[in-house]
Amino acid sequence: MINNEWLSHQTIQSRGDYKEVRAEMVAPEIGFSLWRQMTRLRTVEQALHEEYHPADEMRCPIHFCIGQESIPAALSLLVQASDYLFSHHRSHGYFFAKGSPLKELFAEIYGKETGANGGKAGSQDISHHETRFYSGAILSGAVAIAAGVATGLKIRKSKEISIAGFGEGATDEGAFWETLNYAGKEQLPLLLVCENNRYATYSDQLKRQFNDNISERVKPFGIRSIKVFGNDSPLVYRTIEEGIKSIREGAGPLLVEAYTYRWNSHVGPEDDGKNEYRTSEEMNFWKRNCPIRLLENALKNANQWNQSDIDKAKKIIDQEIAECFRFAKESAFPAGVCWKELNEEDKTPLADQWLAEEQACTFDQNQSDAKLGPY
Amino acid sequence: MINNEWLSHQTIQSRGDYKEVRAEMVAPEIGFSLWRQMTRLRTVEQALHEEYHPADEMRCPIHFCIGQESIPAALSLLVQASDYLFSHHRSHGYFFAKGSPLKELFAEIYGKETGANGGKAGSQDISHHETRFYSGAILSGAVAIAAGVATGLKIRKSKEISIAGFGEGATDEGAFWETLNYAGKEQLPLLLVCENNRYATYSDQLKRQFNDNISERVKPFGIRSIKVFGNDSPLVYRTIEEGIKSIREGAGPLLVEAYTYRWNSHVGPEDDGKNEYRTSEEMNFWKRNCPIRLLENALKNANQWNQSDIDKAKKIIDQEIAECFRFAKESAFPAGVCWKELNEEDKTPLADQWLAEEQACTFDQNQSDAKLGPY
Amino acid sequence: MGRELTYAGAILEATSQAMSKSDQVVIMGQLVDYSSGVFGTTTGLVNQYGVERVRDFPVAENLMTQTALGMALNGFRPLIVHQRLDFMIYSLDAIANWLALWRFKSNGKTNLPVVIRAIVGKGWGQGPQHSKSLHSWFAHLPGLRVAIPATAYDAKGILLESLLGESPTIIIEGRSLFSMKEEVPEEMYRVRFGKAAIRKAGKDITLVALGMMVPIALRVAAELEKVGVEVEVIDLRTISPWDETAVLNSVQKTGRLVVADPAWKSFGVAGEIVTTIAERFRGEWKSRPRRITHPDSHTPMSMSLEKEYYPNELKLVEELQEMMKA
Amino acid sequence: MGRELTYAGAILEATSQAMSKSDQVVIMGQLVDYSSGVFGTTTGLVNQYGVERVRDFPVAENLMTQTALGMALNGFRPLIVHQRLDFMIYSLDAIANWLALWRFKSNGKTNLPVVIRAIVGKGWGQGPQHSKSLHSWFAHLPGLRVAIPATAYDAKGILLESLLGESPTIIIEGRSLFSMKEEVPEEMYRVRFGKAAIRKAGKDITLVALGMMVPIALRVAAELEKVGVEVEVIDLRTISPWDETAVLNSVQKTGRLVVADPAWKSFGVAGEIVTTIAERFRGEWKSRPRRITHPDSHTPMSMSLEKEYYPNELKLVEELQEMMKA
Ligand SMILES: Cc1ncc(C[n+]2csc(CCOP(=O)(O)OP(=O)(O)O)c2C)c(N)n1
Ligand SMILES: Cc1ncc(C[n+]2csc(CCOP(=O)(O)OP(=O)(O)O)c2C)c(N)n1
Ligand SMILES: [Mg+2]
Ligand SMILES: [Mg+2]
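Rules behind the numbers
- Residues numbered from 1 in each chain as written.
- Chains lettered and ligands numbered in written order.
- Predicted model: local features only at pLDDT ≥ 70, side-chain atom pairs only at ≥ 80, totals over all residues.
- Heavy atoms only, no water.
- Near = heavy atom within 4 Å.
- Polar contact = N/O pair within 3.5 Å; in protein donor to acceptor, adjacent residues only side chain to side chain.
- Areas by Shrake-Rupley, 256 points an atom, 1.4 Å probe, with all protein chains shown as cover.
- Nonpolar A, V, L, I, M, F, W, Y, C, P; charged D, E, K, R; others polar.
- Domains from an automatic or database assignment.
- Contact = heavy atoms within 4.5 Å.
- Buried area = accessible area lost by both parts, 1.4 Å probe.
- Salt bridge = Lys/Arg side-chain N within 4 Å of Asp/Glu carboxyl O.
- Helix = DSSP H or I, 4+ residues; strand = E, 2+ residues; numbered from the N terminus.
- Pairing = 2+ DSSP bridges.
- Axes fitted to C-alpha atoms, helices over the stretch in contact; angles between N-to-C directions.
- Core = buried A, V, L, I, M, F, W, Y, C linked by side-chain atoms within 4.5 Å.
- Buried < 20%, exposed > 50% of the residue type's maximum accessible area, 1.4 Å probe, protein only.

**Quick word on the site of ligand 1**
Around ligand 1, the structure places 22 residues, and the nearest of them are His 89, Arg 90, Ala 137 and Gly 169 of chain A together with Glu 61 of chain D. For ligand 1, an oxygen atom lies 2.8 Å from a polar atom in the backbone of Gly 169 of chain A. A distance of 2.9 Å separates an oxygen atom of ligand 1 from a polar atom in the backbone of Tyr 199 of chain A. Against a free-state accessible area of 580 Å², the protein chains account for coverage of 98% of ligand 1. Taken together, the residues of the shell around ligand 1 break down into 10 nonpolar, eight polar and four charged.

Dropping the structure here:
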């Protein structure tokens, strides 16, 4: 196995530029697919970022994931349609990873009827039931729900797995740790993907946690774990591939901690630099060691770079995005919704089928006093 | 340091009766005090247990702590009046440990006006502000509050410490782990005492947690920890003594996990044996290896057993308890309380002193729309 | 006379019947698999349905609810039991930020049939951390159903309706009702949400009662009958939705409304009922509406204070008689 | 004309003044120590008071509240800020099982002056996890004070009153009020709990408004003035306790009551106000009371649906005019 003991946000920069990406770790078509998926995701995010203000139609908070493409790209090649995937607020990468329809992501952000949730949820709460993708803005909640799905899968003895993606910030919450206790105890088919990008909004991990050691902390809870340099996409791919395989084979929960970095502000297109929470050296380091560029170099070194394939792929991506925008912009806004119906299901097919209708009944007034029990 | 690697509820019994208590670990007067305090607490609990039904006046759930006297006894000799102590539902031992007035404990349980909380709180929510003792029945909550007090102490650069006592069950809760994260990160002056008695109500630790390894799990959170056989009272004393000393000197939080056992039902005097959650072998093992008996033997072996001192001490204890019962029984029930006053403070001395009275003011209706911010 | 069951026994029977009818039904909660069960409501289930479906859960209430949510998403119908509603407060994030709004944010596509039983302690010095009843909180949340059965018959019918229904549901159970015995049919039947039961007809005062207040209300009505006052006792049975029509019709007849809710007075369910009727009642009030509830105070432990704290028959009789004078 | 401050600026000033007056005041919350502060309400405090008193807290809301509680027990006066009230739901155990009942279970001996600021999102697609306002939940709990300031002036006065008061307090702040500017005195002054402000006098309808609904109510009153309807606008300012007398006196004059509450309709604050007045009002209703609130639905993200969801001036004008006809 690779040597990763050194990894932490305190040490990454000091070791200088990352030189260890090896295209040979994965088959050439996987290498290309990783590049293509990362580029696709990056291009989507850049396009949304640029359109945000001029269009003034994406009227919801968006947490862009530029710089963090490697995990979603690897997942996109590895998850099965029947697996479940849960995301936090920074949802676009995971939506993408699950193969959920991008058009519906765009339309959702635009608040349109054709959006994945008909404009009810927006970027930070988006879901797509058909492809088993779910998200939500409250930190750590979706991780716990993912454990619930995994509990169901285990009872059914299913080969499907449940996956939760989140940031290192979510691990501040107690909800995260009670989930780990249960996942470890039950040895659930659960893949936990922690994208450690060092910050929760502006707050450094070491301002909130004793140490940069999440992958170590989870082990005595019965969770296997591994940390990787998250911008080394072939390595990320192989790690997750083996991880998913082991989980499907019944080896129990696994946490993959991927060290990575977000380029943009925490939320929205405005610059949050005035909060001075990170240095330009740090930013530049991570831009130089961007997952796409690292892979590009590795592919070139391995003679797996075919410019015409690349150009073709880029063109298709551009067309897809243009089509997504068109779809989103041309779709209608939702209107005249029935609030009640949207919040409450009034059909009860199973109860209708199995339960007899109510009859009158007696009432006994001889209520005894409460008795002592185990409190 | 002592070898304690072997300790866990799975192994304790299999090693046979515990033979390692050494009276020499502590000064003779400490040995005697430990015996006296344990015996005092045991006698109190046994008396309450026996009186519960015949009297039919202790109308609240009580979680007896018979069998678990060693931690409270050690603490009673080591905490300072100005330290803070927080307990869970099994509160009597900790109330006792803080030197809070036993009479007021009895009266509180009897629901009397003279109780520590005037009969408002009962056994599981009792507190005694004057001696800085607090408890509460919701698991893990008091541990978090103890961290809050420790935060205050740290800001003040106080030499006082904050102590929280709880069972292994409380560590199922996420609230516990988010507290540890913070305590470790802030290196708070906090002593965490986990009395691991194996069960949460009837549920075995291994039914709820991956492993019997709490003291190990807390370490990577920045919490020093040590586990001890909790019925070895000189060892417990020394461990806590050193622990408290180190915390006062600024070494940061420490968790002491003490393996022990409760003799009675989880709650109340009724037998909960029909739930068949523990064997009579187990029960017998722990009764044989009871903290009082173990110390008694050790004191005898060390020639520190003076029967007339012992008899004298026992007599004083009996008198004290009789006095407590008399006080509780003769006290009046609370009556005619003002609910509003009890729940709300209407005095505001500081505000009265520092704030000017309100004046009329304008109102601007030019409310702008909400602006995007960090969500 | 048919077969009798206690309130606890009725819950147990409903659970067992639903579990045997549908593999989707699983139960989770602390100590559900021991012979005492949860106050007798889960006893023996583990022998019949095994530990996979009768799950003793770690003491981690928020996770338990999220686990149920995830299982529901995966096709199950989980039933959660909390020995005390107070413990459930740890799970409010799961309830308010996830469960209650899941259908909404899925754009009406996904339903989560998670059922939560919350037991409310009363008496024997439960004190302030073992006796809260926050049904008004749950009812305030869109997307949840809330019930408060007062009889063994309803306890069974509401639980079955919930377990085989499609909506997240919270059932408030008064611990002091558990030993009440009553005729309960063996078959699987439903008690629908939003349909109150008129426990006693009367023309003078409409007395809407919830949960633990129902038996008290009936005793009070019997008492007042003796002095010629006819109280109509409406057992609301479910709070969200609640049967506005039944209450309105009754008030249309009596012109007097009093709500007896076993919870704090202010910002509670009683206020909602009075307001809704005030908004809709077109007749003339013969007397101003009243609420009979716990005082706005946490629960005292002492036996002597419990007596002052919980509204009793005497107090109700007094209030109702004053209303007849007004 | 005196000096003007925004709502956010007024909060910042109150905090800073309290911190400089008393060492006991500390502030905790995510990102309180960055230059944006929490929407400008904490900017610069860290430079003045240091990191020990201006504490960027881990994302662990329950612990944050318990920490505040422990610090209060230790003699501090902690102020907590939540960027969204929704995040605070994780801390309800700390609030409902500990903070709210501490004084009670100490037998009235110990007060915990913990102040919690909860910001409620509105608009710009906040969606269902960033826009809930659960003030009725907090008001239902005995032992807590709850305020909902609508003006910069009140935001400052209520925060000072709370920070230097002795009771645990929750202050609900509408995010969309933060940029409102107003004359605010520089001195430290108090706005008392339980004292409403009559923002506009009128004899026809009593319009009780809370928080974000106050500016809307005033615009509506101005609109109706033009057609000869005199609306009395009462800004409640605090919810627990609330000024029953002010509302009752007004209704005694107008015979008409409408409550505008920026929250879900059912089981909410509006219901409490209507019921209390219905219990106490001895005159004759000229028209049945009404509530103007959000629908009983979670908040949609889409701009087009936000417009349908939040009550606006037009809707209010309509409702009030209907009341005049009735
Ligand atoms: C319970 C809760 N508290 C606070 C927030 C506000 N919040 C939104 S994103 C965020 C930071 C999250 O950091 P991390 O989990 O590392 O994910 P990242 O944004 O870095 O991808 C915070 C604190 C929230 N969404 N939920
Ligand atoms: C939040 C919460 N959930 C459930 C309970 C019910 N309960 C009371 S005591 C107890 C077991 C506690 O076990 P442990 O912490 O090991 O302490 P012990 O009783 O063994 O001393 C439980 C589950 C509670 N008090 N609080
Ligand atoms: Mg992060
Ligand atoms: Mg235990």
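**A closer look at the domain arrangement of chain C**
Residues and elements named next belong to chain C. Partitioning chain C into structural domains gives domain 1 (4–183) and domain 2 (197–325). Put simply, the middle of domain 1 and the middle of domain 2, counted by C-alpha atoms, are 26 Å apart. Between domain 1 and domain 2, the contact holds 30 residues from the first and 24 residues from the second. Here domain 1 packs against domain 2, burying approximately 2,100 Å² in sum over the two surfaces, 64% of which is carbon and sulfur. Its largest share of buried area at the contact with domain 2, domain 1 owes to Lys 122, His 135 and Ile 148, together 26% of the area lost on that side. If you look at where domain 1 meets domain 2, you find two salt bridges. With a shortest N-O distance of 2.7 Å, Asp 154 and Arg 199 are connected by a salt bridge. Joining domain 1 to domain 2, the criterion identifies nine residue pairs in polar contact (both at pLDDT 80 or more). Sorting the residues of the side of domain 1 that touches domain 2 by element identifies helix H7 (135–140), strand E6 (145–147) and helix H8 (152–163) as the ones contributing at least two each. Residue composition of the side of domain 1 that touches domain 2, by class: 14 nonpolar, 12 polar and four charged.

**Digging into the sheet that holds strand E2 (residues 25–29) of chain C**
Residue and element names in this part refer to chain C. Spatially, seven strands are ordered E3-E2-E4-E5-E7-E6-E12 in an open sheet, and the strand pairing comes out mixed. At either margin of the open sheet sits one strand with a lone partner, and together these are strand E3 (54–56) and strand E12 (238–240). Ignoring strand direction, the axes of neighbouring strands in this sheet form an average angle of 20 degrees. Against the sheet, helix H1 (residues 7–21) makes contact with E2, E3, strand E4 (77–82), strand E5 (115–120) and strand E7 (169–174), and its axis sits at roughly 135 degrees relative to E2, the strand it touches most.

**Remarks on the interface of chain B and chain D**
Size of an interface: often given as the accessible area lost when the parts come together. Counting residues at the interface gives 65 residues for chain B and 75 residues for chain D. Between chain B and chain D lies a buried interface of about 6,400 Å² when both sides are counted; carbon and sulfur atoms form 56% of it. Counting every contact that joins chain B to chain D gives seven salt bridges. With a shortest N-O distance of 3.2 Å, Lys 105 of chain D and Asp 125 of chain B are connected by a salt bridge. Put simply, chain B and chain D have 23 residue pairs in polar contact (both at pLDDT 80 or more) between them. At the level of elements, strand E1 (84–87), strand E2 (133–135), helix H5 (141–156), helix H6 (174–186), helix H13 (339–343) and helix H14 (349–354) of chain B are the ones that each hand at least two residues to the side of chain B that touches chain D. The greatest single-element share of the side of chain B that touches chain D, amounting to 11 residues, is contributed by H5 of chain B. Of the residues assigned to the side of chain B that touches chain D, the class counts are 29 nonpolar, 20 polar and 16 charged.

**Concerning the nonpolar core**
If you look at the biggest cluster of nonpolar residues, it comprises 286 residues, and the most contacted ones within it are Phe 86 of chain B, Phe 138 and Val 247 of chain C together with Phe 138 and Val 247 of chain D. Core analysis: the next-biggest nonpolar cluster, separate from the first, contains 89 residues, Ala 73, Val 236, Ile 244 and Ile 317 of chain B among them.

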